[in-house]
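One letter stands for each residue in the lines below.
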Amino acid sequence: MSRAGSARAELEAVFRAALAAVEGGACVRRVVRCSDGELRIGDRLQPPGARLRLLAAGKAAAPMARAFEQIAGPRLVEGLVVTKDGHGLPLERCRLRETGHPVPDARSEQAGREALGLAERAGPDEVLVVLLSGGASALLACPLDGLRLADLRVTTSLLLGAGAAIHELNTVRKHLGDVVGGRLAQQARGARIELLVLSDVPGDRLDVAGSGPCMPDPTTFAEAWAVVEGRGVAGQLPPAVRSHLEAGLRGERAESPKPGHPAFGRVTATILASNRTALEAARRHALGRGWRACLVTGDLAGEARVAGRRLAALGRSLRERRPVLLLAGGETTVRLRGAGRGGRSQELALAAAIELAQSPGVALLAAGTDGSDGPTDAAGAFADGASVARGRARGVDARSALARNDSHAFFAAEGGLLRTGPTGTNVMDLVLLLVAPE
């Protein structure tokens, strides 16, 4: 195996170890247990004989729901699982719906209405279990009265193209959707709610994860408007969205439910795992190989290409007597400048490849833990000091590809794409840099 091939294999092994630690089904099994007929969620004993209703939404919804239904057995009387196309699994007690992501489609709206109906059916002597993972906001996109699904689709696309961070995107979504921003909890008029979250948001904020369907929303119409203005898309919004937000600014639209609303007194939330869980598993794997392992940041953010250059430069600056693994986790953004295809992890890797050109001894893997990076079939990409030259030999120029946001085409030709398929989890992105010994 070539030196580059060896580094890539090592980094992929680290990535797989990180994924195993945050796999949705395994995370549920660590927290939900049934013994001697008693069901516990965390340290909370559930009422004996209580009927359970289950809503699972997100890219990891299917493995999370399958684990839960196997543990809960017949006390689970109804279940709805909503996930991205291709992320479903066979289920015994739950209805499966696959819908559009990251831009919602008609199936997303129908699934959102089904979710609201399930919550409304949960009685005061029942427990509504909500399993939430990344992607739920788009998968359950049910517009508020006066808005259409097309309005949500256009607004989502505008914000994504403008490089909006997830908390910005969800601030706007919570003022346009009928499931998010605490409204699902409102709909469950008497049931206790057990919320179990596989976090894919910075800081593990429960009001941001999945746009907070069961949590109070501290954001306001004013903040939503500040996002669309700050990202330069206010003038491009669909007329209905603009009118809705402006009416909210004037106090003519009801705000999302805020902290102190009685609906949230019935909600108990548990974070199952997060990006830091994956980073820690990667660190343990590196230490087990006898490497040094350094966490650069667990709050990776900003433009992907800027992060890629900075991380690659840091890797080039290190030389030690044993291999060093640098770890970073979080979620960068991409500002669309061209008509190419890619995702934030592939763009980060392409910028890193340019920075690393002709620099031996440093290899990088950047990938989404859900197995999908942008609107592509790849989870991310591998880059090292020879990536730019390999691309040139195959007729693609790295700098031109980066200028066009065409990282996928570059790595498809160069050979650096990482394809995993659905992983059963979603805890943002990981960037792994392996620095060879001096």
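The rules we used
- Residues numbered from 1 in each chain as written.
- Predicted model: local features only at pLDDT ≥ 70, side-chain atom pairs only at ≥ 80, totals over all residues.
- Heavy atoms only, no water.
- 1 Å grid on protein atoms, 1.4 Å probe; cavity = no way out; pocket = protein on both sides within 12 Å on 5 of 7 lines; lining within 4 Å.
- Points joined across faces, edges and corners; volume = space filled by probe spheres on them.
- Helix = DSSP H or I, 4+ residues; strand = E, 2+ residues; numbered from the N terminus.
- Nonpolar A, V, L, I, M, F, W, Y, C, P; charged D, E, K, R; others polar.
- Pairing = 2+ DSSP bridges.
- Axes fitted to C-alpha atoms, helices over the stretch in contact; angles between N-to-C directions.

A. Structural view of empty space enclosed by the protein. All told, the structure shown has two cavities of 30 Å³ or more when counted by the stated rule. Of the volumes computed, that of the largest cavity is approximately 140 Å³. At the level of elements, helix H5 (136–139), helix H6 (149–161) and helix H7 (166–173) are the ones that each hand at least two residues to the lining of the largest cavity. Per element, the largest residue contribution to the lining of the largest cavity is four residues, and it comes from H6. Split into classes, the residues belonging to the lining of the largest cavity amount to twelve nonpolar, four polar and two charged. Counted as a void, the second largest cavity has a volume near 40 Å³. If you go around the second largest cavity, the residues you meet are Leu300, Thr332, Arg344, Ser345, Leu348, Asp429 and Val431. Broken down by secondary-structure element, the contributors of at least two residues to the lining of the second largest cavity are helix H13 (344–356) and strand S15 (429–435). Element by element, the count of residues in the lining of the second largest cavity is highest for H13, at three residues. Considering only residue class, the lining of the second largest cavity consists of three nonpolar, two polar and two charged.

B. Broad picture of the layout of surface pockets. Quantified by volume, the largest pocket comes out at close to 930 Å³. Together, 45 residues line the largest pocket, and Pro102, Leu160, Arg344, Gly374 and Pro375 are the ones closest to its centre. Elements supplying a minimum of two residues to the lining of the largest pocket: H5, H6, H7 and H13. If one sorts the elements of the lining of the largest pocket by residue count, H7 sits on top with four residues. Tallied by class, residues from the lining of the largest pocket come to 14 nonpolar, 20 polar and eleven charged.

C. Molecular detail of the sheet that holds strand S4 (residues 52–57). Here six strands make up an open sheet; going across it, the order is S6-S5-S4-S7-S8-S9 and the pairing parallel. Of all strands in the sheet, those bounded by a partner on one side alone are strand S6 (95–99) and strand S9 (267–273). The mean angle between the axes of side-by-side strands here comes to 15 degrees, regardless of whether they run parallel or antiparallel. Note that S4 and strand S7 (residues 127–132) share six bridges and pair parallel.

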